[in-house]
Amino acid sequence: MQNNDERYPYNHHNQAPLRKNLRNEGTAAEATLWLRLKGKQIEGMRWRRQFGVGPYILDFYCPYLHLCIELDGAPHNTIEGSEYDLRREEWLMQQHGIHTLRFENKDIFIHQDAVIEHIREVTKKILANM
């Protein structure tokens, strides 16, 4: 018999308090990007915040596109952080077919329109290939 993690690896019950805390205590960059993603503003796609997939919690996730957006701060700019991110991205792709887009927090404030346009272009490309 499979355990619940193998049958339905999304938003595990034991992650609920952490996901809620991450939503409530998120960064200013996350809050700013969420204002541009929520309400199906990009190509009509629905996004979720702090969505659990297996052992990981994704900053933003579009289930229809199998697309994850991660916003990175200082901890990601280390060798250990980069290696962790790479392992995580490989696991998400291999196990669930989830592509990951990464942006630095500062890009949300400095180049917000360019970030949104990049997300829009990737979204269009995925939709065109479905």
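For the structure, check the block above.
The rules we used
- Residues numbered from 1 in each chain as written.
- Predicted model: local features only at pLDDT ≥ 70, side-chain atom pairs only at ≥ 80, totals over all residues.
- Heavy atoms only, no water.
- Buried < 20%, exposed > 50% of the residue type's maximum accessible area, 1.4 Å probe, protein only.
- Helix = DSSP H or I, 4+ residues; strand = E, 2+ residues; numbered from the N terminus.
- Pairing = 2+ DSSP bridges.
- Core = buried A, V, L, I, M, F, W, Y, C linked by side-chain atoms within 4.5 Å.
- Contact = heavy atoms within 4.5 Å.

Right, let's get into the pairing of strand S2 (residues 56-62). With respect to burial, S2 is a largely interior element, seven of its seven residues being buried. The turn joining strand S1 (residues 48-53) and S2, which pair antiparallel and follow one another in sequence, is formed by two residues; a positive phi near 55° is taken by Gly54. Pairing geometry for S2 and strand S3 (residues 67-72), over three bridges, is antiparallel. Bridging from a neighbouring strand, Cys62 pairs with Leu67 of S3. Once S2 ends, the chain turns through four residues before running back antiparallel as S3, passing His66 with a positive phi of about 55°.

With that settled, consider the nonpolar core. Membership of the largest hydrophobic core comes to 21 residues, with the highest contact counts inside it found for Leu33, Leu37, Trp47, Phe60, Ile69, Leu71 and Ile119. Listed by contribution, the elements that provide at least two residues to this core are helix H3 (28-37), S2, S3, strand S4 (99-104) and helix H6 (112-128). Counting residues per element, this core draws most heavily on H6, at five residues. Apart from the residues within four sequence positions on either side, Leu37 is in contact with Ile42, Met45, Trp47, Phe60 and Ile69.

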